[in-house]
Amino acid sequence: MLRAMGQLKLAESTVAVVGLGGLGSLISFYLASAGVGRLILIDGEKVELNNLNRQILYDTSDIGLPKAVLAAKRLRSLNPIIDIEYRDTMISFDNVEELLEDADLIIDALDDWRARLVLDRYSQLSGKPLVHGAIDGFFGQMTTIVPGRTTCLACIAPKQLGPRGCRAALGAAVGIVAVLEALDAIKLLTGVGRTAENRLLIVDAFNSRIEEVELKPVDCSTCWSKFEDKL
Ligand SMILES: [Zn+2]
């Protein structure tokens, strides 16, 4: 159990959850229930039937409705004493600064590397930490980026960014990555425990295994340039 000081730090924190699909549903649920004082929920998409195996904030009566609006409503009823805001929009270079300016911490719960690199660029320029997670079928990965202390996300992004989305994500596998992300967010905000900084955790739910790859901190001032013309 977190001590009172940790709880106070959570209550004074603002976290932006970018993406309210499988990862974002769970992460925002845990952050709201942990008592993070202010959540900014960002997603411009609507609920689809094939989302429901993993997007636990929604049900069949929500199909066709905006995820951000629904997520805010659900989480407000879960924890009415915290401040929950939503932005029914997709993140881009045009709006990232405005959307994230109040956030102390950014959560990557996206399914698109181009949008992730928008978050990464903002994180590097603002110095704000970014908790990264991604899913592909039975597999997933997560790490925590702290500018100046760790690698950036561009360091580990695939060379070919590819299309949005992934192979059909197994709901329970999404859960593992989401929980790792929520834990690191809480640890970063409270200063308790050891985060996944400079370690890439690779979740292999097919073989019930989590592997760890060490990431060496480097000078990230030029990492961005290799993607500049691809975004
Ligand atoms: Zn880098």
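Up top is the structure.
First things first, this report covers the structure right here in the doc. Predicted model, so just to flag it, every value in this text is computed and none were measured. (Residues numbered from 1 in each chain as written. Predicted model: local features only at pLDDT ≥ 70, side-chain atom pairs only at ≥ 80, totals over all residues. Heavy atoms only, no water.)

On to the coordination of the zinc ion. Protein coordination at the zinc ion comes from Cys 152 (SG), Cys 155 (SG), Cys 220 (SG) and Cys 223 (SG), with a distance range of 2.1 to 2.4 Å. If you look at the zinc ion, its four donor atoms make angles of 104 to 118° with each other, and the shape they trace is tetrahedral. Here the donor residues of the zinc ion share one chain and are spaced in sequence as C-x2-C-x64-C-x2-C. No difference in accessibility class separates Cys 220 from Cys 223, as the two residues are buried. (Donors = N, O, S within 2.8 Å, 3.2 Å for Na, K, Ca; no water. Tetrahedral: all angles 85-135°; square planar, octahedral: opposite > 155°, others 65-115°. Buried < 20%, exposed > 50% of the residue type's maximum accessible area, 1.4 Å probe, protein only.)

The next point concerns the nonpolar core. The tendency in soluble globular proteins is for nonpolar side chains to be buried side by side. Ranked by size, the top nonpolar core spans 41 residues in total, and within it Val 15, Leu 31 and Leu 41 carry the most contacts. Elements with a minimum of two residues in this core: strand E1 (14-18), helix H2 (22-34), strand E2 (38-42), helix H3 (67-78), strand E4 (105-108), strand E5 (130-136), helix H7 (171-190) and strand E7 (199-204). Setting aside anything within four residues of it in sequence, one finds Leu 41 in contact with Val 17, Leu 20, Ser 28, Ala 68, Ala 71, Ala 72, Leu 75, Ile 84, Glu 85, Tyr 86 and Arg 87. Formed by 31 residues, the second largest nonpolar core is a distinct cluster that contains Leu 100, Leu 130, Ile 145 and Leu 161. (Core = buried A, V, L, I, M, F, W, Y, C linked by side-chain atoms within 4.5 Å. Helix = DSSP H or I, 4+ residues; strand = E, 2+ residues; numbered from the N terminus. Contact = heavy atoms within 4.5 Å.)

We now examine the packing of helix H1 (residues 4-11) against H7. Contact geometry of H1 with H7 gives a least axis separation of 8 Å together with a crossing angle of 105°. Looking at the two axes, H1 sits roughly perpendicular to H7. Here Gly 6, Lys 9 and Leu 10 of H1 come into contact with H7, specifically with Ile 186, Leu 189 and Thr 190. Here the residues of the contact of H1 with H7 sort into three nonpolar, two polar and one charged. (Axes fitted to C-alpha atoms, helices over the stretch in contact; angles between N-to-C directions. Parallel < 35°, antiparallel > 145°, perpendicular 65-115°, else oblique. Nonpolar A, V, L, I, M, F, W, Y, C, P; charged D, E, K, R; others polar.)

All right, on to H3 then. The end-to-end C-alpha distance of H3, which contains 12 residues, comes to 16 Å, matching closely the 16 Å that a straight helix rising 1.5 Å per residue would cover. The set of residues buried in H3 consists of Lys 67, Ala 68, Leu 70, Ala 71, Ala 72 and Leu 75. Buried residues belonging to H3 abut H2, E2 and strand E3 (83-87). (Expected span 1.5 Å × (residues − 1).)

On to the pairing of E2. Most of E2 is tucked away, with five of its five residues classed as buried. Across the two faces of E2 the burial is the same, with Arg 38, Ile 40 and Ile 42 and Leu 39 and Leu 41 all buried. With H2 bridging E1 and its parallel neighbour E2, the resulting β-α-β unit is right-handed. With five bridges connecting them, E2 and E3 associate as parallel partners. Each bridged residue has a counterpart across the sheet, and for Ile 42 the counterpart in E3 is Arg 87. One crossover worth recording links E2 to the parallel E3 by way of H3, and it is right-handed. (Right-handed = clockwise from strand over helix to strand, strands pointing away. Pairing = 2+ DSSP bridges.)

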